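In case you want the letters, here they are:
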Amino acid sequence: MIVVTSEEIAGTPRDASGPGWQSRRMIVREHGMGHSVHETRVAKGAELHLHYKNHFETNYCISGEGEVENVSTGEVFPIVPGTIYALNEHDPHILRAKEALLLVCVFTPPLSGSEVHREDGSYAEG
Ligand SMILES: CC(=O)NCC[C@H](N)C(=O)O
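Looking at an unreviewed UniProt entry, the chain carries the name L-ectoine synthase, with the source organism given as Shinella yambaruensis. Regarding the chain, the relevant UniProt record gives this comment under Catalytic activity (unreviewed entry): "(2S)-4-acetamido-2-aminobutanoate = L-ectoine + H2O". What UniProt states about the chain under its Function (unreviewed entry) heading is, verbatim, "Catalyzes the circularization of gamma-N-acetyl-alpha,gamma-diaminobutyric acid (ADABA) to ectoine (1,4,5,6-tetrahydro-2-methyl-4-pyrimidine carboxylic acid), which is an excellent osmoprotectant."

What follows is the structure, encoded as structure tokens:
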């Protein structure tokens, strides 16, 4: 069994951040689960242009308020506590935080833990 706390990830290489976001990678590739699970915070007012070309990502909103835009279709979906959005088509998207967002984020294949976005909004292949 694997038991991890947010506190023990704080300040380690698995406590990654970039402009407007911070993410503690709690379950990572080395755990061998086939996915990674992150505690992700997006700052109020942040607008993230993302495109996970090499991963599927699912996000569950615990708190905050925002919206996600599917850049391919122009659709905009509100994000409130209890909302899940899943990028099942590697969709290019824009995440906007109207209020600070707390998300549980799942990546398949798993991240190794210290990744930050490349210029195109993706992470490298694992
Ligand atoms: C929602 C989102 O993609 N935020 C950026 C960080 C990412 N979720 C991660 O944990 O790597």
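After that view of the structure, there is still more to cover.
**Q** With reference to specific residues and values, describe the environment of Asp-91.
**A** Assignment of secondary structure puts Asp-91 in the loop between strand E7 (84–86) and strand E8 (93–108). Residue class for Asp-91 comes out buried when judged on its relative accessible area of 9%.

**Q** An account of the site of the ligand is requested, with residue identities and associated values reported.
**A** Around the ligand, the surrounding shell holds 16 residues, and the nearest of these are Ser-23, Arg-25, His-38, Tyr-52 and Tyr-123. Tyr-123 has a polar side-chain atom sitting 2.6 Å from an oxygen atom of the ligand. Counting atoms within 2 Å of the grid points, the majority share of the ligand lands in the largest cavity. Contributing elements (two or more residues each) for the shell around the ligand: strand E2 (21–27), strand E3 (36–42), strand E5 (56–70) and E8. For the shell around the ligand, the class distribution of residues is nine nonpolar, five polar and two charged.

Reading the values: rules and limits
Residues numbered from 1 in each chain as written. Predicted model: local features only at pLDDT ≥ 70, side-chain atom pairs only at ≥ 80, totals over all residues. Heavy atoms only, no water. UniProt positions renumbered as here; feature names shortened; annotations may be inferred. Helix = DSSP H or I, 4+ residues; strand = E, 2+ residues; numbered from the N terminus. Buried < 20%, exposed > 50% of the residue type's maximum accessible area, 1.4 Å probe, protein only. Near = heavy atom within 4 Å. Polar contact = N/O pair within 3.5 Å; in protein donor to acceptor, adjacent residues only side chain to side chain. 1 Å grid on protein atoms, 1.4 Å probe; cavity = no way out; pocket = protein on both sides within 12 Å on 5 of 7 lines; lining within 4 Å. Sits in = over half its atoms within 2 Å of the grid points. Nonpolar A, V, L, I, M, F, W, Y, C, P; charged D, E, K, R; others polar.

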